[in-house]
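Given next are the chains, with one letter for each unit.
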Amino acid sequence: MDLKFNLQSYPCSVCGSSDFVLKYNIKGFDIVQCKACSFVYVNPRIKTEELYKLYASDYFNNTQFGYENYELNARLRIMTFEKWYSLIVPFLGPKKEKALDIGCAAGDFIEVLMRNGWKDAEGIELDPTMIERLHEKKIPVSNIPLEKMEATKKYDLITLFDVIEHLPGLSEALNKLKNILEANGTIALITPDYSSTQRKIFGKRWFQYKPYEHIQYFTPDSLTRALKPHGLKIIHHSASGQCADAEFLGSRLERYNFKRLASLFNGITGLFGLKNKAWYADTGSMFVIIKHDPKA
Ligand SMILES: [Zn+2]
């Protein structure tokens, strides 16, 4: 599949300024930094309506963008979701009934929620292949983007795993989150952290630069500023990771051009019988818990 896109300039989605400086050009896209608030984003980027079409295409199984063969890492993904749920639990309110997973893909996290007693867990997903899978599993799903959905009910838990960096209408999305979050509800999100050590070490080669679809790069500070007008605040943030096995870590090392280190690593893990072992590896992302700000 080779899609052609139309690009358009947009102002900074955190502060609204249109004043920016160029940082990098990656895959033909400019990564810029806002002069007013230092938020880093892709500008110009794929037009909003075309972005929605991109996610409604074969997003989970292609090489140009998105995930290459999402199924390949099912085992590691489910382990990761179980770990993430255990990290969310200490922040949950007493009521555990209604949950919404935005960008729920095949519904693996929703199944983790169901196994943990959530009676009413549902998802939002735009990819038609994934929606079909969700229907087969009888998981309730909507194909309307968060920004456009009607706020008809409120949720005790809303999750956005690797989603917010994709959202073209950030302010509308955050406002909708505020409106659909129960008074004592919890939002848990994971997103690449522009202030992470990994980003600083790898610079332009940071694997999170995917300018087709990662259109904005948050830090705890910029996310705090984006949330404030909507009466939401961060109550916890920490470095996030994902479960990774030897093969995954080896391929990540290769991607960063550490080819000798990658083959050494593969050799060692083979030697010690660690091929199937999984580690929780830092991904340069942040795990964030958000609640209504009682002072707002
Ligand atoms: Zn700005």
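Refer to the structure above for everything that follows.
Let us look at the structure shown here. What you are looking at is a predicted structure, and each value in this text was computed from that prediction instead of being measured. (Residues numbered from 1 in each chain as written. Predicted model: local features only at pLDDT ≥ 70, side-chain atom pairs only at ≥ 80, totals over all residues.)

## Observations regarding the environment of Asp 193
Okay, step 1: Within the element layout of this structure, Asp 193 appears in the loop between strand E10 (181–192) and helix H6 (197–202).
Okay, step 2: Residue Asp 193 is classed as buried on the basis of its C-beta count, with 25 C-beta atoms lying within 10 Å.
Okay, step 3: Not counting chain neighbours up to four residues away, the residues in contact with Asp 193 comprise Thr 219, Gly 284, Ser 285 and Met 286. (Helix = DSSP H or I, 4+ residues; strand = E, 2+ residues; numbered from the N terminus. Buried ≥ 20, exposed ≤ 12 C-beta atoms within 10 Å, placed from the backbone. Contact = placed C-beta atoms within 7 Å.)

## Focus on the sheet that holds strand E13 (residues 278–292)
Okay, step 1: Strand order in this open sheet of 7 strands is E8-E7-E6-E9-E10-E13-E12, and the pairing throughout is mixed. At either end of the open sheet lies a strand with only one pairing partner, and these are strand E8 (141–142) and strand E12 (232–245).
Okay, step 2: Bridge count for E10 against E13 is 6 bridges, and the pairing is antiparallel. What sits directly across from Pro 192, in E13, is Ser 285.
Okay, step 3: Those strands touched by helix H3 (residues 108–115) are strand E6 (98–102), strand E7 (120–124) and strand E9 (155–161), and its axis lies near 175° from that of E7. (Pairing = 2+ DSSP bridges. Axes fitted to C-alpha atoms, helices over the stretch in contact; angles between N-to-C directions.)

## Considerations on helix H5 (residues 170–180)
Okay, step 1: Along H5, the residues classified as buried are Leu 170, Ala 173, Leu 174, Lys 176, Leu 177 and Ile 180. Relative to the axis of H5, the buried residues are bounded by an arc of 160° and lie together on one face.
Okay, step 2: On its buried side, H5 packs onto E9, E10, strand E11 (216–217), helix H7 (220–227) and E12. (Arc of directions from axis to C-beta.)

## With respect to the sheet that holds strand E2 (residues 20–26)
Okay, step 1: Taken together, the 4 strands give an open sheet; going across it, the order is E2-E3-E4-E11, and neighbouring strands pair in antiparallel fashion. Each end of this open sheet is capped by a strand with a single partner; those strands are E2 and E11.
Okay, step 2: Summarising the sheet, strand E4 (residues 40–42) and E11 pair through 2 bridges and their orientation is antiparallel. Residue Val 40 lies in a different strand from E11, and its bridge partner there is Tyr 217.

## Quick look at the nonpolar core
Okay, step 1: Formed by 60 residues in total, the largest nonpolar core has its most connected members in Tyr 41, Ile 158, Leu 177 and Leu 189.
Okay, step 2: The contact partners of Tyr 41, leaving out residues within four places of it in the chain, are Cys 12, Ser 13, Val 32, Ile 215, Gln 216 and Tyr 217.
Okay, step 3: Leu 51, Leu 54, Tyr 55 and Leu 126 belong to the second largest nonpolar core, which has 5 residues in total. (Core = buried A, V, L, I, M, F, W, Y, C linked by C-beta atoms within 7 Å.)

## Some words on the environment of Trp 118
Okay, step 1: Position of Trp 118 among the secondary structure elements: in the loop between H3 and E7.
Okay, step 2: Measuring from C-alpha to C-alpha, the distance between Trp 118 and Lys 96 comes to 5.9 Å, with 22 residues separating the pair along the chain.
Okay, step 3: Not counting chain neighbours up to four residues away, the residues in contact with Trp 118 comprise Lys 96, Glu 97, Ala 99 and Leu 113.

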